[in-house]
Amino acid sequence: MFKKMMVLPITLVLSLSMLAACGNSTDTTDKGASSGGSTDGAVTINMFTASPEYTDAFNAYIEEYKKVKPNVTINLEIMQADYNTILKSRIAAGSTPDVFQTTAGGDIDTYADYSADLTNEPLAAAMTDAVRTNMTSTDGKVLGLPVKGNLFALIYNKELFAKAGITEPPKTIAEMDEAIKKLEAKGIKPFANAYKEWWVWKHIFQHYVDAAALDAGMSSKDLVNKFIAGETTIKEYPALYNNFFAFIDTTVQYGTDKPLERDSNAEVSDFASGKAAMMTGKGAWDEEAIIKINPDFKMGIMGYPVSDKADQSMIITGADQALRINADSPVAKETIEFFNWLYTSDYGKNWFSQVAKVIPPIKDAPLPDLQMPKEMEEILKTEKSGDLSVNYSLDTFHQKFGEIMQAYIGKSKTKDQAVEEIQQAWIQLGSAQ
């Protein structure tokens, strides 16, 4: 179990704890407040998250809850760089936050020993079925609560597509090749990439994992587990060995310059300013940033053209990030009560769409007034959503996978070298066991 993995040298724990003190934090109470209750009935909940893009939204629900429970103070600390390392150091030092953030899927089990069981809570009943699955451990317990619902897709510029004479989003490899030709003929760069980031790679790759699983007649989870167990190889699946690498090669050939120097913000800027027609490796979370750059931007979403089968081109929905309530927290009861309020109250139902402006992970909540979620709703009326297969491997694997792919497009690894290293990384880093 994960507790056995948490042994760190004392000097490292101390240095990381000191580093943590230097992180960005947003506090809603005095610095002297301590976790837990007090003689006057006051309660302090310490939240530690890795989502700076939602700082204002989190502070909004903290302020609102103060009206509901004046005795409850919530300290919000947000840190993006080195978040996972610092979280592990705090757990190892016995100072686990009352609320902390991890990825969903496999990491639900990784941190199971530190997570309160939420299975029978109102917040669990409020989750959509797909999101609840993403928050559930292998033994059937709901151990996380979603930061948001999510959407993963190729994002495209509708005006540039129209200018190039592309009337329908391409769904097959052949249709994508034709679309690229049309864009190039009009002097339009087809792809904006953010290949400096390790995490964009997993968002692309999962679409090809889903296609490989469909071709093999199994679930994406079963396929990933076979890779983790070392029972299969990438060469056995054309969608992975041929189609995925060919797509990456295509995005580099027909993409913005110096892809290994383009981070997420640079990609958004390239796309929003009309320098490229499609944006890879991203999702619904980027819409507001795009609109801030270009308020009149018209965007669409589509599945990746993973094969010659149009029905395998699917957008992917679900929840890939989870908040966890520390099972041993002295204020676990009050923390669960707070999140039950957020996930079931009228304020909470509207908070997701109107304040955080994300796809709600709960039932009976309105969608935000944004283009991508509305397109998602229309697409899912007639098409299936792909499986969120990133959840079946730990982020330790995904980070290594991104680094391998960066080396591949940087030409310091051949395709077969990359494939071999990906397979070994799956075995060594893919699961908590």
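Structural data are supplied above this passage.
Residues numbered from 1 in each chain as written. Predicted model: local features only at pLDDT ≥ 70, side-chain atom pairs only at ≥ 80, totals over all residues. Heavy atoms only, no water.

Overview of the nonpolar core
Generally speaking, a soluble globular protein has its nonpolar side chains buried in company with each other. How we decide: Nine residue types can take part in a nonpolar core, namely buried Ala, Val, Leu, Ile, Met, Phe, Trp, Tyr and Cys, and a core is a set of them joined through side-chain atoms within 4.5 Å. Burial classes follow relative accessibility: with a 1.4 Å probe on protein chains only, a residue under 20% of its type's maximum area counts as buried, one over 50% as exposed, and anything between as partly exposed. Each helix corresponds to a stretch of at least 4 residues labelled H or I by DSSP, and each strand to a stretch of at least 2 residues labelled E; elements are numbered beginning at the N terminus. In this analysis, two residues are considered to be in contact whenever any of their non-hydrogen atoms come within 4.5 Å of each other.
Leu240, Phe244, Ile248, Met278, Met405 and Ile422 are the most contacted members of the largest nonpolar core, which has 52 residues in total. Listing elements by their share of this core, those giving two or more residues are β7 (150-157), α8 (158-163), α9 (173-185), α10 (199-216), α11 (220-228), α12 (238-253), α18 (395-409) and α19 (415-429). Residue contacts for Ile248: discarding those within four places in its chain leaves Tyr195, Trp201, Ile204, Met405 and Ile409. Within the second largest apolar cluster, 44 residues are counted, among which are Tyr54, Ala322, Tyr343 and Trp351.

Quick notes on the packing of α18 against α19
Two packed helices can be described by the angle between their axes and the distance between those axes. Heads up, the condition is: Axis geometry follows a simple rule: fit a line to the C-alpha atoms, using only the stretch in contact for helices, then measure angles between N-to-C directions, giving values from 0 to 180 degrees. An angle below 35 degrees is treated as roughly parallel, one above 145 as roughly antiparallel, one from 65 to 115 as roughly perpendicular, and anything else as oblique.
Axis separation between α18 and α19 bottoms out at 9 Å; the angle between their running directions is 170 degrees. With respect to α19, the element α18 is oriented roughly antiparallel. Residues Thr396, Phe397, Lys400, Phe401, Ile404, Met405 and Tyr408 of α18 touch α19, and the partners they reach there are Lys415, Ala418, Glu421, Ile422, Ala425, Trp426 and Leu429.

Let's talk about the packing of α10 against α12
Spelled out, the test is: The hand of a helix crossing depends on one turn: near helix anticlockwise from the far one by less than a right angle means left-handed, and clockwise means right-handed. Under the convention adopted here, Pro, Cys and the residues Ala, Val, Leu, Ile, Met, Phe, Trp and Tyr are nonpolar, Asp, Glu, Lys and Arg are charged, and Gly plus all remaining residues are polar.
Here α10 crosses α12 at 145 degrees, and the two axes come no closer than 9 Å. Pair α10 / α12 crosses with right-handed handedness. Contact residues: Trp201, Ile204, Phe205, Tyr208, Val209, Ala211, Ala212 and Asp215 in α10; Ala239, Leu240, Asn243, Phe244, Phe247 and Ile248 in α12. Looking at the contact of α10 with α12 residue by residue, the classes come out as 12 nonpolar, 1 polar and 1 charged.

With respect to the side chain of Thr256
In this fold, Thr256 is placed in the loop between α12 and α13 (264-272). Beyond its immediate sequence surroundings of up to four residues, Thr256 is in contact with Lys189, Phe191, Ala192, Asn193, Asp270 and Ala276.

Things to note about helix α15 (residues 332-344)
Worth spelling out the cut-off: Take the residue count of a helix, subtract one, and multiply by 1.5 Å to get its expected span.
Relative to the 18 Å expected for 13 residues at 1.5 Å per residue, α15 spans 18 Å between its end C-alpha atoms, a close match to the ideal helical length. Residues of α15 that are buried: Ala332, Thr335, Ile336, Phe338, Phe339, Asn340, Trp341, Leu342 and Tyr343.

Considerations on the packing of aromatic side chains
Put simply, the rule is: Whether two aromatic rings pair depends on their centres lying within 6.5 Å, for rings of Phe, Tyr and Trp, where Trp uses its six-membered ring; planes under 30 degrees apart make the pair stacked, over 60 edge-to-face, and the rest tilted. We call a charge positioned over a ring when the NZ of a Lys or the CZ of an Arg lies within 6 Å of the ring centre and within 35 degrees of the ring normal.
One pass over the structure, following the stated rule, counts 32 aromatic pairs. The residue whose ring lies beneath Arg90 is Phe48, and the NZ or CZ to ring-centre distance is 4.2 Å. One residue, Lys415, lies across the ring of Tyr241, its end atom 3.8 Å from the ring centre.

Here's the deal with the pairing of β7
So the rule is basically this: Criterion used throughout: strands pair if DSSP finds at least two bridges between them.
Burial runs high along β7: 8 of the 8 residues are buried. Both β7 and strand β11 (residues 316-318) contribute to a ladder of 3 bridges, which runs antiparallel. Directly across from Leu151, in β11, lies its bridge partner Thr317. With 4 bridges connecting them, β7 and strand β9 (residues 278-283) associate as antiparallel partners. Bridging from a neighbouring strand, Ala153 pairs with Lys282 of β9.

Examining the pattern of salt bridges
Counted only if it meets this: One side-chain nitrogen of Lys or Arg within 4 Å of one carboxyl oxygen of Asp or Glu is enough to make a salt bridge.
The final tally for this structure, using the stated rule, is 15 salt bridges. When the shortest N-O distance is used, the salt bridge between Lys413 and Glu421 registers 3.0 Å. Relative accessible area serves as the criterion here: at 22%, Lys413 is assigned to the partly exposed category. Residues joined in a network through salt bridges with shared partners are Glu267, Lys282 and Asp286.

Any functional reading would require information beyond the geometric quantities listed.
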